[in-house]
Amino acid sequence: MHTRRVGHSGLQVSRLGLGTLTWGRDTQPPEARSLLRTFHEAGGTLVDTAPAYGNGVAEQILGKLIRTDLQRSELVIATKAGFGVRDGRRVVDTSRGAMLADLAESLRRLHTDHVDLWQVHAWGEAPLDETLAAMDHAVSSGMARYAGVSNYVGWQTARAATWQQAVPGRAPLSSVQVEYSLLTRRAEIEVLPAARAHGMGVLPWSPLGRGVLTGKYRTGVPRGSRGAADHFSWFVEPYLEEGKSRAITDAVIRAAEGLDLTPAQVSLLWVRDAPGVTAPLLGARTADQLTELLAVEEMTLPVEIVSALDDVSGGPNLARTE
């Protein structure tokens, strides 16, 4: 698999990443092992996880696989801090103490002395300088090699990056993780320009529109899908509307038929090769799903198809002409 630099940093990652959001809940250890092996055999290196995924179980599974199946040096491990579930409630705590405690637990679960990319999971109420000081400490102490942010809007991304760049010795922010797909292009308005201005790589999550762009929801909600799960239906539901989402999905399906690809492959290629993108994160639940997506490695979409998909999903991406 081809690699890309994460922004202006020296960190090199595969241009597709493996996400672990469902590990420990919908994806059990045997399936996770199959996913990681398939990804690694295809040349993939970037694996994204978080303490919040499965309440730490995703990191535990990944940590065990590193000890039994792969060498630590073969992967670029990205994890996060500052967000979790306590007593059934989602809690964002980006204070210095909470951030560093999350990192210590992540390292324990992952059975490693460092992560390659450590990200603030969400914007919190703690003072930004306090949150970022925790990132500085992690990098300077060697517990993290690079720092990034996740789910920040444009002004938050720019403010955090500017703070880190203001004083020599602070850990620069190398990446921003954000939802980005043909169904969600709002990142193009502020987040992607902010990332570009500050030399940050972009790691899109849900590049397949939370699974809707695969076309499997066109005639209803399939049994066994995320949209049918009690704990995930809220996640998919916003994209099941009959209007714009349906029109975009139909356009993707028509493009796929003409190119002899699957809708998932067309959707992924559009995101992977969008300006500013470093590596979309793949949330496949089975090795077969992942294999389908990994098969696009040597493929690109024709310019005419990209333009048509831009038009139907919100208009031209002006960054393509720069």
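Scroll up to find the structure.
Residues numbered from 1 in each chain as written. Predicted model: local features only at pLDDT ≥ 70, side-chain atom pairs only at ≥ 80, totals over all residues. Heavy atoms only, no water.

(A) Spatial organisation of the packing of aromatic side chains. Enumeration over the complete set of coordinates arrives at three aromatic pairs. An angle of 65° between the planes, with centres 5.1 Å apart, marks the rings of W123 and W155 as edge-to-face. Of this pair, W123 sits in the loop between β8 (115–120) and α4 (128–140) while W155 sits in helix α5 (residues 154–166), and the two are 32 residues apart along the sequence. Judged by relative accessible area, which is 26%, W123 ranks as partly exposed. For W155, a relative accessible area of 48% puts it in the partly exposed group. Judged by centre distance (5.5 Å) and plane angle (50°), the ring pair of Y180 and W270 falls under tilted. With a gap of 90 residues between them, Y180 in the loop between β10 (173–179) and α6 (191–197) and W270 in helix α9 (residues 263–272) connect regions that are remote in the sequence. Exposure class is identical for Y180 and W270. Each is buried. Through successive ring pairs, a cluster of aromatic residues spans W123, Y152 and W155. (Phe/Tyr/Trp six-rings, centres within 6.5 Å; stacked < 30°, edge-to-face > 60°. Helix = DSSP H or I, 4+ residues; strand = E, 2+ residues; numbered from the N terminus. Buried < 20%, exposed > 50% of the residue type's maximum accessible area, 1.4 Å probe, protein only.)

(B) Quick peek at the pairing of strand β6 (residues 83–86). When β6 meets strand β7 (residues 89–92), the two strands line up antiparallel, connected through four bridges. Directly across from V85, in β7, lies its bridge partner R90. (Pairing = 2+ DSSP bridges.)

(C) Geometry of helix α1 (residues 29–41). Under the 1.5 Å per step criterion, the end-to-end length of α1 is 18 Å for 13 residues, consistent within 8% with the ideal 18 Å. All of the buried residues in α1 are A32, L35, L36, T38 and F39. End-on view of α1: buried residues confined to an arc of 165°, all on one side of the axis. Exposed residues lying more than 90 degrees from the buried face of α1 are P30 and E41. Elements in contact with the buried residues of α1: β2 (12–14), β3 (17–19), β4 (46–48), α2 (57–68) and α10 (287–294). Of the residues one or two after α1, G43 is the one with positive phi, at around 95°. (Expected span 1.5 Å × (residues − 1). Arc of directions from axis to C-beta. Contact = heavy atoms within 4.5 Å.)

(D) Fine view of the environment of N317. Mapped onto the elements of the fold, N317 is located in the segment after α11 (303–313). Residues N317 and G154 lie 163 residues apart in sequence; the distance between their C-alpha atoms is 17 Å. Excluding anything up to four places from it in sequence, N317 contacts Y180, R185, E188, P275 and D310. A polar contact of 3.0 Å, which involves the side chain of N317, links it to the backbone nitrogen of A319. (Polar contact = N/O pair within 3.5 Å; in protein donor to acceptor, adjacent residues only side chain to side chain.)

(E) Seen up close, the side chain of Q156. In this fold, Q156 is placed in helix α5. On the basis of relative accessible area, Q156 is assigned to the buried category, the value being 10%.

(F) Broad picture of the pattern of salt bridges. One pass over the structure, following the stated rule, counts 15 salt bridges. Note that D116 and R72 form a salt bridge whose closest N and O atoms lie 2.9 Å from each other. Remark: R72 occurs in the loop between α2 and β5 (76–81) and D116 occurs in strand β8; sequence separation between them is 44 residues. Across the salt bridge formed by E105 and R108, the nearest N and O atoms sit 2.7 Å from each other. Residue E105 and its partner R108 are both found in helix α3 (residues 96–110); the two are separated by three residues, about one turn of the helix. A residue is classified by how much of its surface remains accessible, and R108, at 47% relative accessible area, is partly exposed. Salt bridges linked by common partners bring E59, E105, R108 and R109 together as one network. (Salt bridge = Lys/Arg side-chain N within 4 Å of Asp/Glu carboxyl O.)

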